[in-house]
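Understanding the architecture of this molecule
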Amino acid sequence: MARLSVEERLALHRAYWSGAPMQEPIVSYRIGDFFYTKYYNGLAKLRVKDTVVTADMVCVDDFIDDYERMFQECEEAEQTAFWTAEPCIAFPWMEAMMGCPIKGEESAFMALPTCEDPEELEDLVLDPKNPWYLKYMEFTKRLVELSQGRFPVSQSLLRGVSDVVGTKMGQGNFPYAVMDEPELMQKRFNQVAEALHKLTEEQYKLIPPFHGGYSSGLYSLWAPGKMVWYQEDLAAILSKNHYNQFLRATSKRICEGYDYTMVHLHPVSFHHLDDMLKVDEIKCFQINKDVSGPGVKDMLPQFKKVIEADKCLAILAELNEEEVALLMDELPHKRLFLHLAVPSVERAREINKVITKRWRNSHAIPAM
């Protein structure tokens, strides 16, 4: 059982989105590590080096025990977020739906390029008869059945327009195409944004509300209404001008019609942060503490910048006690969500105690 009641957890999430003072930050846990494929025993027969994986090779029922285990672990960890199920995050769903072959490796699944010349990029549209689209919806339906109202179901890791287009033509060719064929690339970016928007709409037709709201996949962040999240990892190799020229409009399109929106960001893309904060449609910034990237102390200015811009902040990280204490002491006591990787349920409970004690002792926050 969670240490907070359902109503207390819902109140904490509502405070988060509204910018009200929070009794404590919202926390969700990833029990294990950052390698998504390790979460699912159902992937064992597909996780073979150089195996070409097709949608018909994926059996949804092979994953059901994995989802039940992950749900129970996070409840035992007494997290304040609501664990959320999504179609297996190990697959590059959007790239597959856009026609990229999928190759299995021992620790990941890779989407392969289909061309090199931007002129060879075919139209990137969402085909409801695509086998990967059908498998994605099959996953969604089965997870709704499994949930029985116990946990929310949401979108998987769907990447972003730069990621999909860059994968289709090869990441080495991508930046040159942006400079040499801007009109064509803008057209393809727009097409992927439309496909992402359409896929989200179609999936929501299958997903019931959870306590009157919905949740993000992967991070398990609940909101009082429908929510969408996306990423633009390959924007890291684009200039600020290119973000404003190509990706500002597609960001708006992906978020269009949703009151609760989140974008995923790595530190290598911090040169875009100021421009992204100006996009009114983006309400939440999810920032990674990468294993090979800057530490928590180094990223404090960016964390504070997000909250001071009246945006919500979500941090994905593996933290020790000193890093937890630093965040609790230095960040404003509002709009903070932590998605933490821990090796065990016991470790999650230890982190819970540090977070709650440090946050409440550093500021007087009214009880919920």
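Keep in mind that what you see is a predicted model, and the values were worked out from it rather than measured.

What to know about the overall build of the protein
Helix and strand counts for the protein stand at twelve helices and eleven strands. Computed over C-alpha atoms, the radius of gyration of the protein comes to 20 Å, within 12% of the 21 Å expected from 2.2 N^0.38 for 368 residues, which places it in the range of a compact globule. For the protein, the C-alpha atoms occupy an extent of roughly 60 × 45 × 35 Å along the three principal directions. A total of 368 residues make up the protein; the buried ones form 58% of that total. By sequence separation, contacts in the protein at least 24 residues apart represent 76% of the contacts at least 6 residues apart. Total accessible area on the protein stands at roughly 14,900 Å², and carbon and sulfur atoms take up 50% of it.

Here's the deal with the packing of aromatic side chains
Centre-to-centre distance and the angle between the planes together describe a pair of aromatic rings. For the coordinates displayed, the defined rule picks out 22 aromatic pairs. For the pair Tyr 204 and Tyr 214, a centre-to-centre distance of 5.1 Å together with 85° between the ring planes defines the contact as edge-to-face. Pair noted here: Tyr 204 is in helix H7 (residues 182-204) and Tyr 214 is in strand E5 (residues 214-215), with a separation of ten residues, a long-range link. You'll find Tyr 204 and Tyr 214 in the same group, each marked buried. Ring pairs connect the aromatic residues Tyr 40, Phe 63, Tyr 67, Phe 91, Trp 93, Phe 109, Trp 132, Tyr 136 and Phe 139, which therefore count as one cluster.

Regarding the sheet that holds strand E11 (residues 336-342)
Overall, parallel pairing links the six strands, which are arranged E1-E11-E10-E9-E8-E7 in an open sheet. What marks the edges here is a single partner per strand, and that holds for strand E1 (26-31) and strand E7 (227-231). In this sheet, adjacent strand axes meet at a mean angle of 20° when their direction is disregarded. Pairing analysis gives five bridges linking strand E9 (residues 284-288) to strand E10 (residues 312-317), with the strands arranged parallel. When the sheet's bridge partners are listed, Gln 286 is paired in E10 with Ala 314.

Observations concerning the pattern of salt bridges
Tallying each qualifying case throughout the model produces 27 salt bridges. Two residues, Arg 142 and Asp 61, come together in a salt bridge whose shortest N-O distance is 3.1 Å. Linking Arg 142 in helix H4 (residues 131-147) with Asp 61 in the loop between strand E2 (51-53) and helix H2 (64-76), this pair joins segments that are 81 residues apart in sequence. One salt bridge connects Glu 330 with Lys 304, and the closest N-O pair in it is separated by 3.4 Å. Linking Glu 330 in helix H11 (residues 321-330) with Lys 304 in helix H10 (residues 296-308), this pair joins segments that are 26 residues apart in sequence. Look at Glu 330 and you get partly exposed, because its relative accessible area is 37%. The network of salt bridges with common partners includes Lys 49, Asp 50, Lys 103 and Glu 105.

Topic: H4
One turn of an α-helix holds 3.6 residues; hence residues three or four places apart share an orientation. Under the 1.5 Å per step criterion, the end-to-end length of H4 is 24 Å for 17 residues, consistent within 8% with the ideal 24 Å. Here H4 has its buried residues at Trp 132, Tyr 133, Lys 135, Tyr 136, Met 137, Phe 139, Thr 140, Leu 143, Leu 146 and Ser 147. In this structure Asn 130 caps H4, since a side-chain oxygen of it lies 2.7 Å from the backbone nitrogen of Trp 132. In the stretch just after H4, Gln 148 is the one whose phi turns positive, near 50°.

Description of the environment of Lys 357
Within the fold, Lys 357 resides in helix H12 (residues 345-362). For the pair Lys 357 and Ile 307, spaced 50 residues apart in the sequence, the C-alpha separation amounts to 22 Å.

Structural notes on the packing of H10 against H11
Running from N to C, H10 and H11 point in directions that differ by 30°, and their axes come no closer than 11 Å. Comparing the axis directions of H10 and H11 gives the class roughly parallel. Two packed elements cross with a definite hand, and for H10 against H11 that hand is right-handed. Where H10 abuts H11, its residues Val 296, Lys 297, Leu 300, Phe 303 and Lys 304 lie against Glu 323, Leu 326, Leu 327 and Glu 330. Across the contact of H10 with H11, the residue classes break down as five nonpolar, no polar and four charged.

Describing the environment of Pro 101
Positionally, Pro 101 belongs in the loop between helix H3 (93-97) and strand E3 (102-104). Expressed as a C-alpha distance, the spacing of Pro 101 and Phe 210, which sit 109 residues apart in the sequence, is 35 Å. If we ignore the near neighbours within four places in the chain, the residues touching Pro 101 are Met 110, Ala 111, Leu 112 and Thr 114.

Section: the packing of H4 against H7
Orientation of H4 relative to H7, taken along the N-to-C sense of each, is 35°, at an axis distance of 10 Å. In this structure, H4 crosses over H7, and the sense of that crossing is right-handed. Contact residues: Tyr 133, Tyr 136, Met 137 and Thr 140 in H4; Leu 199, Glu 202 and Gln 203 in H7. Counted by class, the contact of H4 with H7 contains four nonpolar, two polar and one charged residues.

So, the environment of Arg 69
Within the secondary structure, Arg 69 sits in helix H2. Separated by 30 residues in the primary sequence, Arg 69 and Tyr 39 place their C-alpha atoms 9.7 Å from one another. Sequence-distant contacts of Arg 69, that is, excluding residues within four places in its chain, are made with Tyr 39 and Asn 41.

Rules and cut-offs
- Residues numbered from 1 in each chain as written.
- Predicted model: local features only at pLDDT ≥ 70, side-chain atom pairs only at ≥ 80, totals over all residues.
- Heavy atoms only, no water.
- Helix = DSSP H or I, 4+ residues; strand = E, 2+ residues; numbered from the N terminus.
- Rg over C-alpha atoms; globule rule 2.2 N^0.38 Å.
- Buried < 20%, exposed > 50% of the residue type's maximum accessible area, 1.4 Å probe, protein only.
- Contact = heavy atoms within 4.5 Å.
- Areas by Shrake-Rupley, 256 points an atom, 1.4 Å probe, with all protein chains shown as cover.
- Phe/Tyr/Trp six-rings, centres within 6.5 Å; stacked < 30°, edge-to-face > 60°.
- Pairing = 2+ DSSP bridges.
- Axes fitted to C-alpha atoms, helices over the stretch in contact; angles between N-to-C directions.
- Salt bridge = Lys/Arg side-chain N within 4 Å of Asp/Glu carboxyl O.
- Expected span 1.5 Å × (residues − 1).
- Polar contact = N/O pair within 3.5 Å; in protein donor to acceptor, adjacent residues only side chain to side chain.
- Parallel < 35°, antiparallel > 145°, perpendicular 65-115°, else oblique.
- Left-handed = near helix turned anticlockwise from the far one by under 90°.
- Nonpolar A, V, L, I, M, F, W, Y, C, P; charged D, E, K, R; others polar.

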